[in-house]
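# Fold and contact review
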Amino acid sequence: MQGLLDRKLIVVTGKGGVGKTTIAGAVGLAAASRGARTLIVDLTGASARLRGIFASQTDPSPRIAPADADVPVRLAESLWSASIDPDKALLEWMQSLGGRVPARLLASKSSFQYFAAAAPGGKELVSMVKVCELAGLTGAGRFEVVVLDAPATGHALAMLAAPSTFASIAKVGPIAAAAQNIQAILQDPALTGYLAVAQASEMSVSETLELQHELSEQLGVDLAGVVVNATMHRRFTGEELERIASLRGQEQVSPRSRLAAAAAAAAHAAHARTRFQHNQVARLRRHGLSVVQVPFVFQSDLDLPALERIAERLGQTL
Ligand SMILES: Nc1ncnc2c1ncn2[C@@H]1O[C@H](COP(=O)(O)OP(=O)(O)OP(=O)(O)O)[C@@H](O)[C@H]1O
Ligand SMILES: [Mg+2]
């Protein structure tokens, strides 16, 4: 996984809700702490959450994302965030084609929807064009590293495959040129790195293995690594586990031992869970994936200090 922070574009994806935005935020912080001008960008409006985490440090009332969320907002030293709206990106792109698309057609919502539906993957392609522009991979971007907080696995794969789909359909013209350009960037391991976020559950690990397979099939690239998020620590030694086992099943003896038995049952359940998680991490490693674990944060809100601790941990590995 070493060297991931040296890439211009870092794509973070994984199953819904596993912590993609949190880990993208921490990866961004880790890159910025090395002095690289870094942008965390998403396509779903997730920047509002990150802005809330950073704003809460200085301002007790979390800021609401500005209407123009695609304008990068500074989060910290060397760190910015932005949200790209795929509909808006497609409209801007069509307008940039100038005379090729009549203005009155663009102004009509229904024609726009018609076009968007007629060219599946168009919005995804144009969004990727915008991400690459921000990273300075095409045009004059303002950032040295762009961390893409990508949608969940299936949608992310569709988005990453859009340039190659368009490149194979359109051979000449502005769309073909953009598609070929973005495809080359996404397939260049010196420029683009792919980081999966998973949790140590059966479904999440299976989805990560599927992601690895599809990235290789569709783009010919590999995952740089997997962040297994929200894992539990192994708390007990072998000797302690034996003592826990001896306390279980004493419910009948006395109220005091009933309490001890309940505590022992809870401790046993916690241990069984960590063992299960350990096995899921081993499944990833057996497939040759490099894994870094991020512990579950026992706080009602994952705040900036917690995000900084995750960033520090990732910074040592990436
Ligand atoms: N290591 C962790 N420990 C505790 N809570 C966490 C951890 N990582 C993420 N969370 C919490 O889990 C929730 C989901 O995290 P996050 O929004 O990062 O997931 P996501 O994968 O981006 O979700 P979505 O698929 O909806 O975009 C948030 O409330 C976040 O604070
Ligand atoms: Mg998210």
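Below is a summary of the structure that appears in this document.

Take the sheet that holds strand β5 (residues 145-149) next. Here we have 8 strands laid out as an open sheet, ordered β3-β4-β2-β5-β1-β6-β7-β8, and mixed in their pairing. Each having just a single partner strand, β3 (73-76) and β8 (291-295) make up the two edges of the open sheet. Along the sheet, successive strands turn relative to each other by an average axial angle of 25 degrees, direction set aside. Note: β3 against strand β4 (residues 79-83), 3 bridges, orientation antiparallel. Bridging from a neighbouring strand, V73 pairs with S81 of β4. Each of β1 (9-14), β2 (38-42) and β5 is contacted by helix α6 (residues 122-134), which is oriented at about 150 degrees to β5, the strand it contacts most. The strands touched by helix α12 (residues 304-317) are β7 (225-231) and β8; relative to β8, the strand with the most contacts, the crossing angle is about 165 degrees.

Following the criterion strictly, the structure yields 2 aromatic pairs and no others. Ring geometry for W80 and F143: centres 5.6 Å apart, planes at 65 degrees, overall edge-to-face. Of this pair, W80 sits in strand β4 while F143 sits in the loop between α6 and β5, and the two are 63 residues apart along the sequence. Look at W80 and you get buried, because its relative accessible area is 12%. With relative accessibility at 3%, the residue F143 sits in the buried group. A centroid spacing of 4.9 Å and a plane angle of 65 degrees characterise the contact between F296 and F298, whose relative ring orientation is edge-to-face. The exposure class of F296 is partly exposed, given its relative accessible area of 41%. The exposed category is assigned to F298, whose relative accessible area is 58%.

Let's shift gears to the packing of helix α3 (residues 86-96) against α6. In contact at an axis separation of 8 Å, α3 and α6 are set at 85 degrees when each is read in the N-to-C sense. Our classification of the angle between α3 and α6 gives roughly perpendicular. Mapping the contact onto sequence places P86, D87, A89, L90, E92 and W93 in α3 and G122, K123, V126, S127, V129 and K130 in α6. Here the residues of the contact of α3 with α6 are counted per class, giving 6 nonpolar, 2 polar and 4 charged.

The next point concerns the pattern of salt bridges. Tallied over the entire structure, the rule returns 3 salt bridges. R74 is the partner of E77 in a salt bridge, and the nearest nitrogen-oxygen pair spans 3.7 Å. When its relative accessible area of 48% is taken as the criterion, R74 is described as partly exposed.

Rules and cut-offs
Residues numbered from 1 in each chain as written. Chains lettered and ligands numbered in written order. Predicted model: local features only at pLDDT ≥ 70, side-chain atom pairs only at ≥ 80, totals over all residues. Heavy atoms only, no water. Pairing = 2+ DSSP bridges. Helix = DSSP H or I, 4+ residues; strand = E, 2+ residues; numbered from the N terminus. Axes fitted to C-alpha atoms, helices over the stretch in contact; angles between N-to-C directions. Contact = heavy atoms within 4.5 Å. Phe/Tyr/Trp six-rings, centres within 6.5 Å; stacked < 30°, edge-to-face > 60°. Buried < 20%, exposed > 50% of the residue type's maximum accessible area, 1.4 Å probe, protein only. Parallel < 35°, antiparallel > 145°, perpendicular 65-115°, else oblique. Nonpolar A, V, L, I, M, F, W, Y, C, P; charged D, E, K, R; others polar. Salt bridge = Lys/Arg side-chain N within 4 Å of Asp/Glu carboxyl O.

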